[in-house]
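# Descriptive analysis of the structure
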Amino acid sequence: MKLHAEWTMYDSQGESIPAFHARPELAPPSIPAIIVIQELYGVEEHIEDVTQRFATAGYEAIAPDL
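Residues numbered from 1 in each chain as written. Predicted model: local features only at pLDDT ≥ 70, side-chain atom pairs only at ≥ 80, totals over all residues. Heavy atoms only, no water.

## Here we look at the pattern of salt bridges
- Considering all chains together, one arrives at two salt bridges under this definition.
- Between E60 and R23 there is a salt bridge, with its nearest N and O atoms 2.6 Å apart. Of the two residues, E60 is situated in strand β4 (residues 60-64) and R23 in strand β2 (residues 15-24); the sequence distance between them amounts to 37 residues.
- Exposure remark for R23: the relative accessible area of 14% places this residue in the buried category.
- For the salt bridge of R53 with D49, the shortest nitrogen-to-oxygen distance reads 3.0 Å. Here D49 and R53 lie together in helix α1 (residues 45-56), a separation of four residues that amounts to about one turn.
- For R53, a relative accessible area of 48% corresponds to the partly exposed category. (Salt bridge = Lys/Arg side-chain N within 4 Å of Asp/Glu carboxyl O. Helix = DSSP H or I, 4+ residues; strand = E, 2+ residues; numbered from the N terminus. Buried < 20%, exposed > 50% of the residue type's maximum accessible area, 1.4 Å probe, protein only.)

## So, α1
- With 12 residues, α1 should cover 16 Å at 1.5 Å per step; its first-to-last C-alpha distance of 16 Å lies within 8% of that length.
- On its buried face, α1 sits against β1 (3-12), β2 and β4.
- Just past α1, the residue G58 takes up positive phi, approximately 105°. (Expected span 1.5 Å × (residues − 1). Contact = heavy atoms within 4.5 Å.)

## Focus on the nonpolar core
- Core analysis: the biggest nonpolar cluster contains nine residues, these being F20, A22, V36, V43, I47, V50, A55, A61 and A63.
- Residue assignment for this core shows that the elements contributing at least two residues are β2, α1 and β4.
- By residue number, the principal contributor to this core is α1, which donates three residues.
- Excluding anything up to four places from it in sequence, A63 contacts P18, A19, F20, V36, V43, I47 and T51. (Core = buried A, V, L, I, M, F, W, Y, C linked by side-chain atoms within 4.5 Å.)

In structure tokens form, the structure reads like this:
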């Protein structure tokens, strides 16, 4: 399954938060979503991989870098 995955920014209470976002490339506009929570070291390669695996399973997944 092809994915669309990218780093993006979103606003939260006046602050810009970076996040890794992934979703199936040919998914309909409305699909179930999952928030992937980072580990101690932030959104690093492992968390990006987990986010992409959820997207491969058909979810829209986002991992905010808190």
